[in-house]
Amino acid sequence: MEVQRERSLLPAARAAHDVGSAKTRLAYLDGLRGVAIGMVLVFHAYARWAHLMPFGATFAVPPLAQGWVGVELFFIISGFVIFLTLERSRSLGDFALRRWRRLMPAMLVATALIVVTAPLLPERPQGAVRLADVLVGLTFLDPKWWLSLHMEVAPIEGAFWSLFVEVQFYAVAGLAYFIAGRRGALAALIGLYGAVVLLQAGAIPQGPFLYRAAFALTDRLGALYYPWFIAGALLYVFAETRERHWLWLGVAALAAAVVTSEPAGPWLAGKLAFAAVALLFLAALLWPRLQRSLSGRGVQFLGFVSYPLYLVHENAVVALTVKLGHAAPVIPGWALPLLPMLAVVAVAWWIARYGEPAVRRALTWRPQRHGAGMAGAVLH
């Protein structure tokens, strides 16, 4: 474990050494994860699948209809945390292994639960689960990459799309970091997003090889979403160094993300939602009072279960809400999703508390060598 630097991550993070350790997690970042998953959960429960719900489009209005922007908040957090992880990784392989150990255990448990329960939930918006589709989540590869292998597969949960973007970002950031360092990684990410902007502006003529190559590269690497990650990474450098120019670069990246990103839904409401999450992250970074609020038990609990909850919630909440609406039509519409949401939160807690650690131990269990005569669990 590395010796902590004199200029650390903020007063609230003086003890941060290794992001993989439970002691070192920045509490307000977990609180922000709690906020993000709460937004996404409510959006899917009340607005995303309005045409399937017993209450129709009653709740598909701002701000519930803009809960999808919680994903962009996750992206900012990832940009911050991944650069923290990169600086504590010994090599590209070490970084990839850390990410795999973080993502795979919960995905394995969640996938098994989804496959087993899907036949009991024919109301799932995604429909029945095909075993071939399980590969998409377990490999964290976008279906576009599978299509290159002439395999038409789809994720078993629609929410998985953002995990593909995350992993593509990890690959680019990690490879560039261990080739060219922190500045090189930032330059690579900015360069790829710059290509997206040029393509959108029509600055690269359509048809020639350059256009096709630029489009294919940026599309396969999820570069459309990079400004959110870049903003998080720049703000991490500010938090580490306390040098003001990194703060202003991070603010500029957030502004670019808000301006250039295309909202899902009404334009103005979407832009305001983008701006809201950008300001929320910035305020959490700079305002100790907000950091303390984000360290509260409720948002910390949601932050703790945020990853498995993200994996399992969407189809289950919608299907259970539809079932409940048919079984108990006297329940008010606003109350119908509450019990299904509590149910998936409970499942996510079980995964985070028991399932994920057990699988992680199994995946990292290795016998001691040199005649030790015992087996040990090794988790870096």
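Residues numbered from 1 in each chain as written. Predicted model: local features only at pLDDT ≥ 70, side-chain atom pairs only at ≥ 80, totals over all residues. Heavy atoms only, no water.

Details of the overall build of the protein
At step 1: A count of helices and strands for the protein gives 13 helices and two strands.
At step 2: Sorting the 380 residues of the protein into buried and exposed places 50% on the buried side.
At step 3: Within the protein, contacts between residues separated by at least 24 positions form 69% of all contacts whose residues are at least 6 apart in sequence.
At step 4: As presented, the protein carries roughly 18,100 Å² of accessible surface, and 68% of it is formed by carbon and sulfur atoms. (Helix = DSSP H or I, 4+ residues; strand = E, 2+ residues; numbered from the N terminus. Buried < 20%, exposed > 50% of the residue type's maximum accessible area, 1.4 Å probe, protein only. Contact = heavy atoms within 4.5 Å. Areas by Shrake-Rupley, 256 points an atom, 1.4 Å probe, with all protein chains shown as cover.)

Concerning helix H1 (residues 27-48)
At step 1: Along its 22 residues, H1 runs 30 Å from first to last C-alpha, staying within 8% of the 32 Å computed at 1.5 Å per residue.
At step 2: Counting buried residues in H1 gives 16 out of 22 residues, a clear majority hidden from the surface. (Expected span 1.5 Å × (residues − 1).)

A closer look at helix H6 (residues 161-201)
At step 1: Between its first and last C-alpha atoms H6 spans 25 Å; for 41 residues at 1.5 Å apiece the expected length is 60 Å, and the helix comes up short by more than 12%.
At step 2: At Ala-180, H6 is deflected by roughly 135°, the largest bend along its length.
At step 3: Two residues or fewer after H6 comes Gly-202, characterised by a positive phi angle close to 75°. (Bend = angle between axes of the 7 residues up to and from the residue.)

Description of the environment of Arg-360
At step 1: Note on placement: Arg-360 falls in helix H13 (residues 338-363).
At step 2: Looking at Arg-360, the relative accessible area reads 17%, which means it is buried.
At step 3: With 258 residues separating them in the primary sequence, Arg-360 and Arg-102 have C-alpha atoms 8.4 Å apart.

A look at the packing of helix H12 (residues 297-327) against H13
The description of two packed helices rests on the angle between their axes and on the distance between the axes.
At step 1: Close contact between H12 and H13 brings their axes to 7 Å; oriented N to C, the two are set at 140°. By the angle class used here, H12 and H13 are oblique. The way H12 lies across H13 gives a crossing that is right-handed.
At step 2: Residues that form the contact of H12 with H13 fall into these classes: 20 nonpolar, two polar and two charged. (Axes fitted to C-alpha atoms, helices over the stretch in contact; angles between N-to-C directions. Parallel < 35°, antiparallel > 145°, perpendicular 65-115°, else oblique. Left-handed = near helix turned anticlockwise from the far one by under 90°. Nonpolar A, V, L, I, M, F, W, Y, C, P; charged D, E, K, R; others polar.)

Looking at the confidence of the model for the protein
Detailed reading of the predicted model is not advised wherever pLDDT is low.
At step 1: Looking at the protein, the pLDDT average stands at 89 and 89% of residues meet or exceed 70.
At step 2: Under a pLDDT of 50 for its full length, residues 1-24 has, in the predicted model, 50 contacts with residues more than four places off or in other chains.
At step 3: Low confidence marks residues 370-380, where pLDDT is under 50. Its contacts with residues over four positions away, or in another chain, come to 20 contacts. (pLDDT = per-residue confidence, 0-100.)

Things to note about the packing of aromatic side chains
At step 1: Taken as a whole and judged by the stated rule, the model has 20 aromatic pairs.
At step 2: Taking 5.3 Å as the distance between ring centres and 75° as the angle between the ring planes, the aromatic pair formed by Trp-68 and Phe-274 counts as edge-to-face. Linking Trp-68 in the loop between H1 and helix H2 (70-87) with Phe-274 in helix H10 (residues 267-286), this pair joins segments that are 206 residues apart in sequence. By the burial criterion, Trp-68 is buried, and Phe-274 matches it.
At step 3: Ring centres of Phe-75 and Trp-161 lie 6.1 Å apart, and the angle between their planes is 90°; this geometry places the pair in the edge-to-face category. Of the two residues, Phe-75 is situated in helix H2 and Trp-161 in helix H6; the sequence distance between them amounts to 86 residues.
At step 4: A connected cluster of aromatic rings, assembled from ring pairs, spans Phe-75, Phe-95, Trp-161, Phe-169, Tyr-170, Tyr-225, Tyr-226 and Phe-229.
At step 5: Here the guanidinium or amino end of Arg-48 rests over the ring plane of Trp-49, the centre of that ring lying 3.9 Å away.
At step 6: A cation over a ring is seen here: Arg-353 above Tyr-354, with NZ or CZ 4.9 Å from the ring centre. (Phe/Tyr/Trp six-rings, centres within 6.5 Å; stacked < 30°, edge-to-face > 60°. Lys NZ or Arg CZ within 6 Å of the ring centre and 35° of its normal.)

Topic: the pattern of salt bridges
At step 1: Taken as a whole and judged by the stated rule, the model has eleven salt bridges.
At step 2: Overlapping salt bridges, with partners in common, bring together Glu-87, Arg-182 and Glu-240 in one network. (Salt bridge = Lys/Arg side-chain N within 4 Å of Asp/Glu carboxyl O.)

Considerations on the nonpolar core
At step 1: Ranked by size, the top nonpolar core spans 112 residues in total, and within it Tyr-28, Phe-80, Phe-83, Phe-169, Tyr-226, Phe-281 and Leu-311 carry the most contacts.
At step 2: Ranked by residues supplied to this core, first place goes to H6 with 15 residues.
At step 3: In contact with Leu-311, other than residues within four places in its own chain, are Ala-106, Met-107, Ala-110, Ile-114, Glu-157, Phe-160 and Leu-163. (Core = buried A, V, L, I, M, F, W, Y, C linked by side-chain atoms within 4.5 Å.)

Remarks on unusual backbone geometry
At step 1: The step from Pro-62 to Pro-63 runs through a cis peptide bond, and the omega angle for that step is 0°.
At step 2: Note that Pro-63 resides in the loop between H1 and H2.
At step 3: For Phe-140, which is not a glycine, the phi torsion comes out positive at approximately 60°.
At step 4: Judged by relative accessible area, which is 7%, Phe-140 ranks as buried.
At step 5: Residues other than glycine seldom take positive phi values, yet Arg-242 does so here, at roughly 65°.
At step 6: Within the secondary structure, Arg-242 is located in the loop between helix H8 (226-241) and helix H9 (244-260).
At step 7: You can call Arg-242 partly exposed: its relative accessible area is 39%.

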